[in-house]
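# A structural walkthrough
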Amino acid sequence: MKTLVIGANGKIGRQFCELAKADGVPVRAMIRDSNQQRWFQERSIETVIADLEGNLRHAFYGCDQVVFAAGSGPHTGPDKTLMIDLHGAVRATDLASELGLSRFVMVSALRAEEPLVAPDKMRPYMAAKHAADAHLRAARVPHVILKPGRLTDEQASQHVAGSLEEAGDNRVSRANVAHALLHLVQNRHLLDREFMLLDGERAIADVLA
Ligand code: NAP
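Here is a short report on the structure shown in this document. (Residues numbered from 1 in each chain as written. Predicted model: local features only at pLDDT ≥ 70, side-chain atom pairs only at ≥ 80, totals over all residues. Heavy atoms only, no water.)

### A short note on the packing of aromatic side chains
For clarity, the threshold we go by: Put simply, two rings from Phe, Tyr or Trp (the six-membered ring, in Trp's case) pair if the centres are within 6.5 Å, and we call them stacked under 30 degrees between planes, edge-to-face over 60, tilted for the rest. Any residue under 20% of the maximum accessible area for its type is buried, any over 50% is exposed, and the rest in between are partly exposed; the area is computed with a 1.4 Å probe on protein chains only.
Counted by the stated rule, this structure contains two aromatic pairs. Ring geometry for Trp-39 and Phe-40: centres 4.8 Å apart, planes at 75°, overall edge-to-face. A relative accessible area of 0% means that Phe-40 is categorised as buried.

### Looking at the site of the ligand
This is how the line gets drawn: Proximity is defined per residue: any heavy atom of the residue falling within 4 Å of a molecule or strand makes that residue near it. What qualifies as a polar contact is a pair of N or O atoms within 3.5 Å, subject to a donor-acceptor requirement within protein and to the restriction that residues adjacent in sequence count only when both atoms come from side chains. Accessibility throughout is a Shrake-Rupley quantity obtained with a 1.4 Å probe, and a residue counts as covered only by protein chains that appear here.
For the ligand, the set of nearby residues contains 25 residues, the closest of which are Gln-36, Asp-51, Ala-70, Tyr-125 and Arg-174. One of the backbone nitrogen or oxygen atoms of Gly-10 is found 2.8 Å away from an oxygen atom of the ligand. In the model, an oxygen atom of the ligand is placed 2.7 Å from a nitrogen or oxygen of the Ala-70 main chain. Notes on the ligand: free accessible area 930 Å², of which the protein chains cover 81%.

### Looking at the pairing of strand β5 (residues 103–107)
To keep it simple, the criterion reads: Helix numbering and strand numbering both begin at the N terminus, where a helix is a DSSP run of H or I of at least 4 residues and a strand a DSSP run of E of at least 2. Crossovers are marked right-handed if the path from the first strand over the helix to the second runs clockwise, as seen with the strands pointing away from the viewer. Pairing between two strands requires that DSSP report at least two bridges joining them.
For β5, the buried fraction is high: five of the five residues fall into the buried class. Judged by which residues are buried, β5 turns out to be covered on both faces: Arg-103, Val-105 and Val-107 on one side and Phe-104 and Met-106 on the other are all buried. Traced from strand β4 (residues 63–68) through helix α4 (residues 78–98) to β5, the parallel crossover comes out right-handed. As judged from the four bridges shared by β5 and strand β6 (residues 143–148), these two strands associate in the parallel manner.

### Things to note about the pattern of salt bridges
The criterion, for reference: The salt bridge definition used is simple: a Lys or Arg side-chain nitrogen within 4 Å of an Asp or Glu carboxyl oxygen.
Tallied over the full model, the rule gives 18 salt bridges. The closest approach of N and O atoms between Lys-80 and Glu-53, which form a salt bridge, is 2.9 Å. With Lys-80 in helix α4 and Glu-53 in the loop between β3 (46–49) and α3 (57–60), the pair connects residues that are 27 residues apart, well separated along the chain. Looking at Lys-80, the relative accessible area reads 29%, which means it is partly exposed. Judged by relative accessible area, Glu-53 falls into the partly exposed class, the value being 36%.

The structure is reproduced here in structure tokens:
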């Protein structure tokens, strides 16, 4: 029952891998480069080298869930948004479907379904996330779509909210997202569900119920 973590070397990905390891949840960290391996080896976390823009299929063998926490990031252009946030997510979804994985947990984004209300610079990213989510919803693989707000590097409060109204703000720490992902991976009965995630006052298990 191993979880493939796509984007494992990212800020959310690393925190999720550490939490999973500490809780005895088997993960395989998908990284792009052997130079990234050491951090995982020091924590006895299995790695596989694969790329959303290249060879990918082998990374899935032996895994039954996916956490997709990859992203092109704010320092690249719409070309990478298209190839990673959209096409990479679509390829990963299609492989998970084809290989019969039991669940795909997608890190999407708050209000991804409304790209036209996003600031101009964010629109291609939001459109990519929106289309990737739509593809996942229509795929054969059961899914959970997590929609975090604007990410911060605050420490984990492990207290969150499930709507903008409840939170009163649009932010959520990456650490809280990592805890939420751990909860989702451990709660396999959550299927074909979508959750917004913001920093708040309620326990993660309460918001992701
Ligand atoms: P991050 O630190 O930039 O991590 C992104 C990871 O994606 C990196 O490890 C990167 O690999 C990996 N990646 C990029 N291109 C790849 C490729 N071609 N193949 C495989 N992996 C690739 O991001 P984060 O802060 O952890 O956030 C991750 C997620 O949150 C993304 O899905 C993003 O869309 C979503 N999100 C962000 C915000 C926000 O406010 N920024 C809000 C909502 C949702 P390398 O380490 O090799 O570069």
